[in-house]
Structure formats: C-alpha cells, structure tokens
Amino acid sequence: MNETPSQTVGPFFRFGLEWMQHHAIAAPGDPGASEISGVVYDGTGLAVPDAMLEFWNAPHFQRCMTANDGSYRLVVPRPAPIGDQAPHIDVSVFARGLLQRLVTRIYFPDEEAANASDPILALVPPQRRQTLVASGTGGRFRFDVHLQGPQETVFFAY
Amino acid sequence: MTIAGGNPSLRIDPPYDSPGYRSSSARAPKQPLVLLEPGLLELGGPVFGEGLVAPGDADLTRQHPGEPIGERINVTGRLLGSDGRPIAGQLVELWQANAAGRYAHEVDRHPAPLDPNFTGAGRCLTGADGTWRFVTIKPGAYPWRNHPNAWRPAHLHFSVFGRVFTERLVTQMYFPGDPLLEFDPIYNSVRDERARKRLVAAFDWETTEEEWALGYRFDIVVGSRLVTATGTLS
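In this convention, every chain numbers its residues from 1, walking through the sequence in written order. Each chain gets a letter, beginning with A, and each ligand a number, beginning with 1, in the order they are written. Under the rules for a predicted model, residues below a pLDDT of 70 receive no local features and side-chain atom pairs below 80 are neither given nor counted, while totals for whole chains, interfaces and linings still include all residues.

Now for the overall build of chain A. By definition, any uninterrupted DSSP run of H or I lasting at least four residues is a helix, any uninterrupted run of E lasting at least two residues is a strand, and each is numbered from the N terminus. When you go through chain A residue by residue, the secondary structure sums to 2 helices and 10 strands. Radius of gyration means the value over C-alpha atoms here, while the globule rule gives 2.2 Å times the residue count to the 0.38 power. The C-alpha atoms of chain A give a radius of gyration of 15 Å, which matches the 15 Å a tight globule of 158 residues would have. Dimensions of chain A, computed from the C-alpha atoms along their principal axes, are close to 40 × 35 × 35 Å. Our exposure labels follow a C-beta count within 10 Å of each residue's own C-beta, placed from the backbone: buried means 20 or more other C-beta atoms, exposed means 12 or fewer, and partly exposed covers the counts in between. Within chain A, the proportion of its 158 residues that are buried is 46%. Partitioning the intrachain contacts of chain A with sequence separation of at least 6 by distance along the chain shows that 62% fall at a separation of at least 24. Any residue pair is listed as a contact if its two C-beta atoms, each placed from the backbone, are within 7 Å.

And the structure:
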C-alpha cells in the first residue's frame, strides 16, 4: 500500500478549481434535462459556503461550488438505470473541514419501483434511505446534503 | 455492510473526525459509512484529456505581464495507480498561496500582500509515463485560526483524477525540512507515519535548473482507499 493520503481541499480553492464549472453539459429545458439544486449544511445547521460538489453520471461530469448561502444548482441529463441499479448520480463532496471527500448518491423520487429494487439502497438502513432520494417533480429536484446531524446524509466508502 | 467512518486503523487517509483540526468537528459525518463494491458507474471514468488544458497552464509564473515575486521552483512527479502503473493523459490541478502566504481568494484576510503577477492556479495533463510538471513559486507559510499561533506549513494543493471515480484524490504537497510540519493538525491527521511522509516532496537535483529554479519531486499514487482487512498498513 503506497497510496498518497488525502488532505482537505481547504477553504481557498475557488480560484483554482472553478474553471471547470463552466463546462455545462445541459441547459434548462433540454429534453431529458433535470435541474438539481440544494444546500450543503454542517452539523449545527449552518450552510456551508466553501464546499465543492462533483457529479458523475457517465459520461457526464460536473463540478459546482456552493455559494455564500451554501446553495448549489446544476442541470444534468436525466441518468438511465445502471446495470441492476436505479438511475442515480454519484456525488463527491469536498470542503474545508473534510480531510477526505465524502461520496453520496442522488436517486430520483419518481423512480419508486427501480429504487425499491436497488441493491445499494437496500444496504442502507431504511430510516436513512430518504437522505439519498431527491425531492421534487418534473424536471426540478432538490437534494440537500447534511454533513452531520439528525438528517445526516448517507455517505459511502469503497 | 458498514464501517466506522474513517477508522484510522483501516485507512491510509485521515479520519474525518480529527479533533486537532477544528473545522472537522461540525462537518465530519457521525454515522458509519456504507461500504460498497464499486459498480459500473464507479469503474467507468471520469477521464479528462485533450481540450481542457493549454500548454501555458502549467507555468504559474507566466500568467501575468510581469514575473511573480518569490522563489521559482519546478515541481514534477508521476501519477500512478497503486499497482505502479502510470496514469497517462489525465488531469492534474494545482492551486496555492503566493510567496507571502496569501491566496488570491476574496475570503483570505491574512494581511500579507497579494502579488499582481501571481494567481496561483494551474493545470496540466499527465504524459505517457504519468509524468506531470509545473513551474511555480514556492508558497509561504500562513497563519490560520485553528488554535493559538497556528501556522500552516508551506504547501501546494493538488487535485487528481485517477482512472476511475473511486481513485479521485485531493491532497496537499509539503516541502522537506519544514519546521512547521510536526505542529500541523492537517498534515498530522494522517495517522500512519509512512503514509504521512509520502505527502512531503523530495528535493531533486535532476529537475533543479542551474541559475534558474530549484526542483522538487512528488509522486501521486491513487488507488482503492482501503487497506487490508486485517487493518495492517503495509
């Protein structure tokens, strides 16, 4: 084992990493496009203004920085089922205070049947599964990330 | 199956909850992480490449009309998988403070000068043998409010993409011989000493250019983040 350890992205990364967030991959109103927005919260309920989120929905990759109010917004093509897994987007969360990234997933609320048979959601305690499912309808969804606290988002490790 | 979040006995990476690093207290998850086998999505990219990077993006000393103040350095290394194989054509991003220890970031209030000739951000793609190379300025140490009289050792921030989603890594490179290292809660959040020392670059004559710039070498190795089931760091 000779891997390089992770270190925090720190608070002052915007000027180095935001160049890629302009590579938008879909526009509101595109057929099949979904708008996803939300807020990143810490364990005290405060919004996190210095987080970076990365969304991976092959072949689409997108990066968002949270704004001063902790909010982010992106427009992505609606994902398809992936093997035996329900449509979802892999999300990496980086922030000051996180010594390594956190990984979570966004599932969609209108995929009830697929979500019910998703083998990854099945690994999650039932009372916490809803933290992985966006809310909303049509092409507009909300997905908040709670790093800690009573509504703590489920995070994954590989 | 779940594992304790960031269990230091199981991970090379620092634990999320690292008491010496104050910002982790309200941001480290408290619930156990859910352990997954990587699936099709996690093993299918992302891969970047041509088109995102211009040749000049790797020289942070030539992004403005004048030359930045500070000690010019060449920093190079290889991006490798934990199997030792080079990762070619993949994106490496670098950002840092200037020679005075000040970031070109609106929230950085350290009363040290900004340098109009230095932004401190660059990127490049790895070559066929995984090699990447930047020309930049050695960053200064700077104070932070983690604890009384707290100072971060000089460091470069790196962001790399391995071959697949599970190999994504953001880390920091430190400089050899820095007296602040032993006091830094972020550096020391890596519990295994051998792993921690891999964050320190090596001074390198081969990339040191006479009458021009000192050279440092820093290989970045990405891979599956878990160590063996016995918890032995090897």
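For the rest of this paragraph, the subject is the overall build of chain B. Across its full length, chain B holds 1 helix and 13 strands. Ordered by position in the sequence, the α and β elements of chain B form the string β-β-β-β-β-β-β-β-β-β-α-β-β-β. Reported as C-alpha extents along the three principal axes, the dimensions of chain B are approximately 55 × 45 × 35 Å. The buried share among the 234 residues of chain B stands at 42%.

This part is about the interface of chain B and chain A. Each partner contributes to the interface: chain B provides 62 residues, whereas chain A provides 49 residues. Secondary structure elements with two or more residues in the side of chain B that touches chain A: β2 (33–35), β4 (91–96), β9 (155–160), β10 (169–174), α1 (193–197) and β13 (220–222) of chain B. If you tally residues by element for the side of chain B that touches chain A, the top one is β10 of chain B, at 4 residues. Grouping the amino acids of the side of chain B that touches chain A by side-chain chemistry returns 33 nonpolar, 19 polar and 10 charged. At least two bridges found by DSSP between two strands are what make those strands a pair. In terms of strand pairing, strand β10 (residues 156–157) of chain A meets β2 of chain B through 2 bridges, oriented parallel. When the sheet's bridge partners are listed, A157 of chain A is paired in β2 of chain B with L35 of chain B. Throughout, the ten residues Ala, Val, Leu, Ile, Met, Phe, Trp, Tyr, Cys and Pro are labelled nonpolar, Asp, Glu, Lys and Arg are labelled charged, and all others, Gly among them, are labelled polar.

What follows deals with the pairing of strand β1 (residues 33–41) of chain A. All names here are of chain A. By the bridge criterion, 7 bridges tie β1 to strand β4 (residues 71–77) in an arrangement that is antiparallel. The residue bridging G38 from the neighbouring strand is Y72, located in β4. Two elements, β1 and strand β9 (residues 145–146), share 2 bridges in a ladder whose sense is parallel. From the neighbouring strand, V40 faces β9, where its bridge partner is V145.

The subject of this paragraph is the confidence of the model for chain B. Residues and elements named next belong to chain B. Every residue is assigned a pLDDT by the predictor, reflecting its confidence on a scale from 0 to 100. Overall, the predicted model of chain B reaches an average pLDDT of 90, with 91% of residues at or above 70. Across residues 1–9, where pLDDT falls below 50, the model places 23 contacts with residues more than four positions away in sequence or in other chains. Confidence drops under a pLDDT of 50 for residues 226–234, and excluding neighbours within four residues, the segment shows 16 contacts in the predicted structure. What the predictor reports for the complex is a pTM of 0.93 with an ipTM of 0.94.

This part is about the sheet that holds β4 of chain B. Residue and element names in this part refer to chain B. Overall, antiparallel pairing links the 4 strands, which are arranged β5-β4-β9-β10 in an open sheet. Of all the strands in the sheet, just β5 (121–125) and β10 have a single pairing partner and so form its edges. Geometrically, the sheet is characterised by an average inter-axis angle of 20° between neighbouring strands, direction not taken into account. As judged from the 5 bridges shared by β4 and β5, these two strands associate in the antiparallel manner. Axes here refer to lines fitted to C-alpha atoms; in helices the fit is confined to the stretch in contact. Angles between the N-to-C directions go from 0 to 180 degrees.

Residues and elements named next belong to chain B. Position of D184 among the secondary structure elements: in the loop between β10 and α1. For the pair formed by D184 and G223, sequence separation is 39 residues and the distance between their alpha carbons is 25 Å. Those residues in contact with D184 that lie beyond four places of it in its chain are R152 and P153.

Here we take up the environment of M20 of chain A. By the secondary structure assignment, M20 of chain A is in the loop between α1 (14–17) and β1. Sequence separation between M20 of chain A and R63 of chain A is 43 residues; the distance between their C-alpha atoms is 6.6 Å.

A few words now on the pairing of strand β6 (residues 102–107) of chain A. Residues and elements named next belong to chain A. For β6, a buried count of 6 out of 6 residues is recorded, marking the element as mostly surrounded by other parts of the structure. Pairing of strand β5 (residues 88–95) with β6 involves 6 bridges; the strand directions are antiparallel. Of the residues in β6, the one forming a bridge with V93 is L102. Connecting β5 to the next strand, β6, in antiparallel fashion are 6 residues, including G97 with a positive phi near 95°.

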